[in-house]
Amino acid sequence: MSIRAKVSCYTPVSTLTLPLLVWSLSACNIAKHLPANERLYMGTDINIQADSTISAAEQGGLKEQLAAQARPRPNKQLFGYPYKVGLYYLLGEPKKNGFRAWFRKKFGQEPVFASAKAITSNIPVFKATLQNQGYFGSNATGRLVEQGYKARGVYDVEVKQRFYIDSTGFLVDSTPVRKALLASARRTVIKKGDPYLFDNIKLERERISQAIKQRGFYYFLPDYIAVIADNDTARHRTKIYFAIKPDMPEAAGVPYYIRDVFIYSNYNLSTARNDTNRREAFQTDEKFRVVDSTRRFDPKLFRDIVTVQPGQRYNSRMQDLTLSRFINVGAFKFVRNRFDPDQQGDSAVLDVHYYLTPYPTKAVRVELDGTSRSNNFNGTQVILSWRNRNALRRAELLTINANAGIEFQVGAAGEGITNYRYGLDGTLSFPRLVAPFRFKYDQRQALPKTNLTLGYQTILRGGLYRINSAQTTFGYAWRQNQQVEHAFIPFSINYVFVPQNSIGQRVYDILLDPDVQPIIKAQYQTTVFKSDQLILSSLYTFNYNSPARSNSANTFRFTANAEVAGNVASLFFRKPLETDPRNGILGVSYAQYFRVDANTSYYRRLATNLTLANRLFVGLGVPYGNSRGYQIPFTKQYFVGGSNSIRAFRPRAIGPGLFTRDTIRNLPSFQDGGGDIKLEANTELRLKFTKYLEGAVFVDAGNVWTYYDLATFEGNVEQFSSNFYKQIAIGTGVGIRIDLSYFLIRLDVATPLRKPYKTDGSEWVIDKMAFGSSDWRKQNLVFNIGVGYPF
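Residues numbered from 1 in each chain as written. Predicted model: local features only at pLDDT ≥ 70, side-chain atom pairs only at ≥ 80, totals over all residues. Heavy atoms only, no water.

Enquirer: I tried to follow the overall build of the protein on my own but got confused; where do I start?
Expert: Of the regular secondary structure elements, the protein holds 15 helices and 30 strands. Per-residue burial for the protein yields a buried fraction of 43% across its 791 residues. Counting contacts in the protein only where the partners sit at least 6 residues apart, residues at least 24 apart contribute 64% of the total. Accessible surface, the protein: about 41200 Å² in total, of which carbon and sulfur atoms supply 55%. (Helix = DSSP H or I, 4+ residues; strand = E, 2+ residues; numbered from the N terminus. Buried < 20%, exposed > 50% of the residue type's maximum accessible area, 1.4 Å probe, protein only. Contact = heavy atoms within 4.5 Å. Areas by Shrake-Rupley, 256 points an atom, 1.4 Å probe, with all protein chains shown as cover.)

Structural data, given as structure tokens:
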């Protein structure tokens with residue numbers, strides 16, 4: 001096309017950028033390229049004419065729902081322009097191969113044409129949707145509205161008054177299957193006053209079917225349940241009745257009992273024929289018949305896993321739980337089962353067969369991980385892992401890990417350090433409760449676990465010192481239901497120490513430097529020269545996750561921890577140390593404290609690609625007894641600031657309380673103080689641009705405080721008080737997230753809105769923002785790199 005032809009489209013070439021020029025030139029050509037008498041379909045318009053009882057919000061929801069159901073879907077648009085179609089026609093008709101064909105396939109999109117047939121096809125879909133949601137008698141009409149080379153589908157939808165549930169009933173008699181139907185009525189999901197929803201009726205049929213199958217009716221299906229609706233058109237109320245269809249197959253109404261349970265615990269292609277045909281070679285257990293000539297597993301393992309018991313009625317829930325336990329125990333690669341129905345006298349019975357293919361018992365694995373910690377240390381580590389999946393013949397998992405890694409601090413204004421970390425740890429996990437007393441738990445849930453750990457770790461803090469940590473724990477983890485999990489560690493020992501010969505000259509330089517704040521010197525005296533400490537504690541953890549529902553826009557998570565330390569030691573060890581007023585064990589002081597915290601996260605999906613994420617964290621540590629007048633141990637203290645906390649401040653740079661820093665970067669990064677009390681709130685708006693790219697806008701607030709008024713901070717107000725709300729730090733920022741499927745890389749930049757201490761007479765620093773000043777940017781813009789979401 002000539003330049004003159006392009007200008008004839010009244011495009012102001014001199015004022016357009018290149019992309020807009022391309023789009024406008026393409027717009028001139030779309031109509032020319034369309035086949036004769038065809039119109040480009042641009043989308044759907046829904047006009048709702050609703051009964052006066054239907055709210056505006058309800059109408060808006062219906063409009064959005066019907067528009068999503070409309071077909072065809074239009075081509076992608078930008079500001080109302082079908083740019084993908086423009087790119088499709090931009091270079092003309094391509095040959096089979098070549099640049100034009102590649103460009104059309106890569107950037108273009110075949111035009112979607114308007115069709116009266118599609119309009120007609122959408123009408124019954126809309127009517128069925130309204131019918132299924134209780135808007136009985138509603139109607140819809142549609143038409144194509146053409147404008148130039150474009151057309152839209154316009155629908156006029158008449159929505160009648162909605163019907164609501166008046167009551168539910170169950171039609172039964174004395175037959176066993178109908179008695180089971182009546183027993184299922186207690187947990188109906190359809191309640192009086194609920195709007196009529198066909199989806200809820202389908203869910204109720206599924207629930208009833210499962211309840212009946214749990215009472216032994218092996219062949220029962222949801223299709224055997226009839227639903228009868230009695231509509232009161234005057235009151236717009238519906239009575240729902242559930243009944244067993246009279247033409248249901250006879251076998252579906254017969255309860256089945258479990259006769260024998262066969263477990264092929266070493267099943268594979270080479271042993272399948274021999275073990276299946278020679279079942280006389282099984283190991284006789286009290287309840288089950290274990291077919292395994294190698295005797296690889298102790299039969300006691302299956303008493304813990306299998307909940308399908310001989311002599312009991314078939315129960316579909318117990319069957320599902322058994323399969324889930326076989327999979328989650330971690331010893332079996334493949335799990336499948338088979339039921340053999342039979343008649344034994346007057347009873348219908350089932351023989352149950354479980355075919356289990358084990359993993360190789362021992363395995364070695366090497367992993368390369370990326371690390372991102374709350375103090376902005378990022379790096380990598382290599383882990384050499386050895387596993388034994390059947391250490392004591394009851395699917396106990398023994399894992400021994402050797403690790404080595406390097407971490408560097410991001411956002412430390414040139415004062416960061418590099419950590420070198422290496423260690424060795426072992427974990428023995430039992431798929432059962434190991435205790436000297438009987439431990440009750442819900443047998444209908446996943447198997448509990450008993451975990452025994454032992455580990456040793458060394459951290460070389462870049463030319464400063466070496467900190468060593470030895471730890472052993474013994475505890476339990478179990479699930480109460482699908483939403484609630486518990487963990488209880490009654491026994492935990494952690495010994496932390498710094499060898500005096502590992503202290504570098506840089507530490508002594510810091511202590512002798514008159515320009516270094518006294519708090520830094522005091523922290524080094526405590527952490528480096530008086531570092532040896534023994535923590536004897538017990539810990540309980542509670543986790544709650546809201547049910548995962550596809551139609552729910554809300555997700556809620558809650559975690560709480562409670563820890564006590566030093567109480568038992570204080571009963572037996574009361575002699576003060578020679579160099580420390582605190583009591584100790586074998587020359588090492590022990591910590592005594594109580595610590596409790598709660599972490600709440602709430603996620604609200606505002607749109608398909610837009611989510612509002614919120615977090616609230618509250619923590620309290622109370623040192624007492626042997627630790628009275630001190631803080632809780634450094635490894636147990638709370639900190640704020642950094643990539644997973646208040647991102648407008650560098651790691652651990654806030655608090656405690658009003659402790660003053662001239663800028664957010666004026667302290668060396670290698671040691672900052674924490675607090676015994678923490679309050680933090682975060683909110684983040686997350687927008688998904690593409691499959692791989694996300695953006696975020698966030699606000700963070702919080703601080704930490706000490707429980708006691710400590711002389712370490714030289715008169716600064718760091719203790720928690722009734723004025724805590726005046727000491728809150730607030731920051732805001734924006735971020736980009738790159739979703740690589742297996743992990744997410746997070747890049748955030750933030751700046752303070754409010755500092756807990758006064759700067760030029762005020763804590764608020766919004767009016768002091770100066771993005772054009774390099775000094776301001778250096779002191780107030782904080783860049784954070786992280787792996788995964790901050791919460």
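Enquirer: What is the right way to read helix H11 (residues 316-328) from this model?
Expert: An α-helical segment advances 3.6 residues per turn. Residues three or four places apart therefore align on the same side. The terminal C-alpha atoms of H11 lie 18 Å apart, and with 13 residues this matches the ideal 18 Å at 1.5 Å per residue to within 8%. Where the residues of H11 are buried, they touch helix H8 (198-213), helix H10 (300-305), strand E10 (332-344) and strand E11 (347-358). Its side-chain oxygen at 2.8 Å from the backbone nitrogen of Arg317, Asn315 defines the N-terminal cap of H11. Phi for Gly330, located one or two positions after H11, is positive at around 85 degrees. (Expected span 1.5 Å × (residues − 1). Polar contact = N/O pair within 3.5 Å; in protein donor to acceptor, adjacent residues only side chain to side chain.)

Enquirer: What should I look at first to understand the environment of Ala613 in this one?
Expert: Locating Ala613 in the fold gives a position in strand E24 (residues 610-623). By relative accessible area, Ala613 is classed as buried at 0%. A C-alpha to C-alpha distance of 10.0 Å links Ala613 and Phe556, two positions 57 residues apart in sequence. Ignoring anything within four residues of it in the chain, the contact list for Ala613 reads Tyr602, Tyr603, Asn682, Thr683, Glu684, Arg686 and Phe791.

Enquirer: Would you mind going over the environment of Pro790 with me for this structure?
Expert: With respect to the helices and strands, Pro790 occurs in the segment after strand E30 (782-787). C-alpha separation for the pair Pro790 and Glu684, spaced 106 residues apart in sequence, amounts to 9.7 Å.

Enquirer: Looking at this structure, I do not really get the sheet that holds strand E5 (residues 225-232). What am I missing?
Expert: The strands making up a sheet associate through backbone hydrogen bonding, with each pair oriented either parallel or antiparallel. Strand order in the open sheet made by the three strands is E4-E6-E5, with mixed pairing throughout. Lying at the two open borders of the sheet, with one neighbouring strand each, are strand E4 (164-171) and E5. Going from strand to strand, the sheet's axes swing by 20 degrees on average, the running direction of each strand aside. Bridge count for E5 against strand E6 (residues 237-244) is eight bridges, and the pairing is antiparallel. Residue pairing across strands places Asp230 opposite Lys239, the latter belonging to E6. Against the sheet, H8 engages E4, E5 and E6, with an angle of about 30 degrees to E6. (Pairing = 2+ DSSP bridges. Axes fitted to C-alpha atoms, helices over the stretch in contact; angles between N-to-C directions.)

Enquirer: So what exactly am I meant to see when it comes to the nonpolar core here?
Expert: When a protein is soluble and globular, its nonpolar side chains tend to lie buried together. Within the largest apolar cluster, 28 residues are counted, with the highest numbers of intra-cluster contacts made by Val261, Ile263, Phe302, Val306, Phe326, Phe332 and Tyr354. Those elements that provide at least two residues to this core are strand E7 (256-264), H10, H11, E10 and E11. Among the elements that take part in this core, E11 stands out by supplying five residues, more than any other. Every residue in contact with Val306, bar those within four places of it in the chain, is listed here: Val261, Ile263, Phe288, Thr322, Phe326 and Tyr354. Val177, Tyr196, Ile240 and Ile244 belong to the second-largest nonpolar core, a separate cluster that totals 21 residues. (Core = buried A, V, L, I, M, F, W, Y, C linked by side-chain atoms within 4.5 Å.)

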